[in-house]
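Coordinate analysis (summary)
Spelled out, the chains give:
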Amino acid sequence: MDLRCAWMLCVLCLVLTVQAFTQERFKEAVLEQLGLSEVPKLHESDLVDLVIPDHVKNKYLSMLKRQRVKRRALPSLAGILRGIPGHTGEVLHSDTTTRQKLMFDMEGRIPKNSEVTMAELKLFKKPLDRANLPAKQSHRPVSSARVSVYWVQQQHDGTNRTSLIDSRLVPIRESGWKSFDVTQAVHYWLRNKRREPMFLEVWIQGERLGSYASEMAKAVRFTSQDPKDKALGKPELVLHTLNLDDYGSPGDCREEAVLGKSTCCRQKHYISFRELPWAQHWILEPAGFQAYRCSGSCLQPPRALRRLGSGQRSCAVAGSSALPIIYLVKRGNHTEIEAAEFPNMIVERCSCVADG
């Protein structure tokens, strides 16, 4: 480990503990990693009609997939959630994008003392209506469309803010079920602790730039939640859950850790970029993340067994992973959107370490 990485790990270990966590230290660590001296000074004009370029979006998704820990494959399902009867699940069209709104009632669907390990959005792609295909062009053919799923956060001022959850290319000429990983969206919903339903948006775009790819993408249709849509295969949200009474995660804290009565363990600690004034308009994705922190006490060995010069054993970070983000950066008079990974942002393991 070089000196720079060692320094970053030390700073972030401080950030992710109860005693040392402050917004200012967290901000300093983020700016240091990006090589910036201060948060970019953004104007309203920088945020109007903001569009994340496809190459940045794809880079971010690629980093997300690398960082995802292999989820436990469990046969138990918390349930299949279907659209609420009477909800239109409207489909909106524009020149370049088709957007389909979805709403899922979550009340009582997740058992108590359980963890959502995986959530899948299943969409049924309707058979292709060839009559709606544009005339063939002389340039290279288009075989797929880009389908992206966004979590929609309804804010107190009545506006909506979206967060990219998953994206993939879907063959235009194939019909049938298509699955998307929306685990992060469910975790966002759980974090907000709201009783309202969970809202998602499905965006269908061309696989590349150009009017022909855009027109081909418009031929992609999924069944909707609208009761008037008589097609079989309504949108489904499938939840995989883990009963913590039987499968308590090794090394993670139980409730007694909050009271300081537990041995060293990893405690949940969520950081919301949307609630940090210095980050809410600058960091575009993700909306926030489960950083975790180390909590609890450590047994002290008899003095005769202690290594010379070592002090008290305390609970500290023993392993961490990176956090991919999409952010804005000012270069001269113009604004650019970039994707990067922050190392050591998510605590993976905690352990008892002797001071010194």
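Residues numbered from 1 in each chain as written. Predicted model: local features only at pLDDT ≥ 70, side-chain atom pairs only at ≥ 80, totals over all residues. Heavy atoms only, no water.

**Let's talk about the overall build of the protein chain**
Our working rule: For the purposes of this entry, the term helix denotes a DSSP run of H or I that reaches at least four residues, the term strand denotes a run of E that reaches at least two, and both are numbered from the N terminus. Exposed residues in this analysis have more than 50% of their type's maximum accessible area, buried residues have under 20%, and partly exposed residues fall in between, with area computed by a 1.4 Å probe over protein chains only. Here, Shrake-Rupley sampling with a 1.4 Å probe gives the accessible areas, and only protein chains in the shown set may cover a residue.
When helices and strands are tallied, the protein chain shows six helices and 16 strands. Per-residue burial for the protein chain yields a buried fraction of 44% across its 356 residues. Taken as a whole, the protein chain presents about 19700 Å² of accessible surface, with 52% of it coming from carbon and sulfur.

**Concerning the side chain of S295**
Mapped onto the secondary structure, S295 falls in strand β14 (residues 293-295). For S295, a relative accessible area of 12% gives the class buried.

**Focus: the environment of I271**
With respect to the helices and strands, the residue I271 is situated in strand β11 (residues 270-272). On the basis of relative accessibility, which here comes to 3%, the residue I271 falls in the buried class. Residues I271 and Q23, spaced 248 residues apart in sequence, show a C-alpha to C-alpha distance of 10.0 Å.

**Here's the deal with the pattern of salt bridges**
As a reminder of what qualifies: Any carboxyl oxygen of Asp or Glu that lies within 4 Å of a side-chain nitrogen of Lys or Arg is treated as forming a salt bridge with it.
Taken as a whole and judged by the stated rule, the model has five salt bridges. Measuring nitrogen to oxygen at the nearest pair gives 3.3 Å for the salt bridge that ties D229 to K126. You can see D229 sitting in the loop between α6 (211-217) and β9 (236-243) and its partner K126 sitting in the loop between β4 (114-125) and β5 (144-154), a full 103 residues away along the chain.

**Quick notes on the environment of D166**
Put simply, the test is: Any two residues whose heavy atoms approach within 4.5 Å at even a single point are treated as in contact. Each polar contact in these results corresponds to two N or O atoms within 3.5 Å; when the atoms are within protein, one needs to be able to donate a hydrogen and the other to accept it, and residues that are neighboring in sequence are counted only if both atoms are side-chain atoms.
Looking at where D166 falls in the secondary structure, it is placed in strand β6 (residues 160-171). Sequence-wise, D166 and L64 are 102 residues apart; in three dimensions their C-alpha atoms are separated by 9.4 Å. Residues within four places of D166 in sequence aside, it is in contact with L61, K65, V147, S148, V149, F180 and D181. Among the polar contacts made by the side chain of D166, one reaches the main-chain amide nitrogen of D181 at a distance of 2.9 Å.

**Description of the state of the cysteines**
Definition in use: By convention in this document, the label disulfide applies to cysteine sulfur atom pairs within 2.5 Å.
A complete count under the given rule lists three disulfides for this structure. In this model, C253 is linked to C265 through a disulfide, with the two sulfur atoms separated by 1.9 Å. Since a negative S-S torsion denotes a left-handed disulfide, the C253-C265 link at about 100 degrees is right-handed. Note that C253 is positioned in the loop between β9 and β10 (265-267) and C265 in strand β10, a separation of 12 residues in sequence.

**Focus on the packing of aromatic side chains**
Keep this limit in mind: Under the pairing criterion, centres of Phe, Tyr and Trp rings, with the six-membered ring standing for Trp, must be within 6.5 Å; the plane angle then separates stacked pairs below 30 degrees from edge-to-face pairs above 60, leaving the rest tilted. We count a charge as sitting over a ring when the NZ of a lysine or the CZ of an arginine lies within 6 Å of the ring centre and within 35 degrees of the ring normal.
Inspection of every chain in the model, using the stated rule, returns five aromatic pairs. For the ring pair W151 and Y188, a centre distance of 5.0 Å and an interplane angle of 40 degrees mean the geometry is tilted. On the criterion of sequence distance, the pair formed by W151 in strand β5 and Y188 in helix α5 (residues 183-192) is long-range, its members being 37 residues apart. Comparing W151 with Y188, the two get one shared label, buried. Positioned above the aromatic ring of W203 is the side chain of R99, whose terminal nitrogen or guanidinium carbon lies 3.8 Å from the ring centre. Sitting over the ring of F180, R168 keeps its end group 5.5 Å from the ring centre.

**Let's talk about the confidence of the model for the protein chain**
The test is simple: pLDDT measures the predictor's confidence residue by residue and takes values from 0 up to 100.
On average, residues of the protein chain carry a pLDDT of 75, and 75% of them reach 70 or more. Under a pLDDT of 50 for its full length, residues 1-21 has, in the predicted model, 36 contacts with residues more than four places off or in other chains. Here residues 69-88 is a poorly scored stretch, pLDDT under 50, and it has 56 contacts once near neighbours within four places are set aside; other chains count.

**Quick look at the nonpolar core**
Using the following cut-off: Residues belong to a common nonpolar core when they are buried Ala, Val, Leu, Ile, Met, Phe, Trp, Tyr or Cys residues joined through side-chain atoms within 4.5 Å. Residue ranges assigned to each domain were obtained from an automatic or database domain assignment.
Counting 43 residues, the largest nonpolar core has F26, F273, W278, W282 and F289 as its most contacted members. Broken down by secondary-structure element, the contributors of at least two residues to this core are α2 (23-34), α4 (54-67), β12 (283-285), β15 (313-331) and β16 (334-354). Of the domains in this structure, domain 1 (22-51 + 248-354) and domain 2 (99-132 + 142-243) are the two that each give at least three residues to this core. Within the second largest apolar cluster, 38 residues are counted, among which are M106, V149, I165 and V220.

**Quick notes on unusual backbone geometry**
Residues E285 and P286 are joined by a peptide bond in cis, for which omega reads 0 degrees. Within the secondary structure, P286 sits in the loop between β12 and β13 (288-290). The phi torsion at Y292 lies on the positive side, around 65 degrees, for a residue other than glycine. Structurally, the position occupied by Y292 is in the loop between β13 and β14. Classification of Y292 by relative accessible area gives buried; the value is 17%. With a phi close to 60 degrees, N344 is a non-glycine residue in the positive phi region.

**Considerations on the environment of H269**
Mapped onto the elements of the fold, H269 is located in the loop between β10 and β11. For H269, a relative accessible area of 13% corresponds to the buried category. Measuring from C-alpha to C-alpha, the distance between H269 and Q290 comes to 5.9 Å, with 21 residues separating the pair along the chain. One polar contact links H269 to R293, side chain to side chain, over a distance of 2.9 Å.

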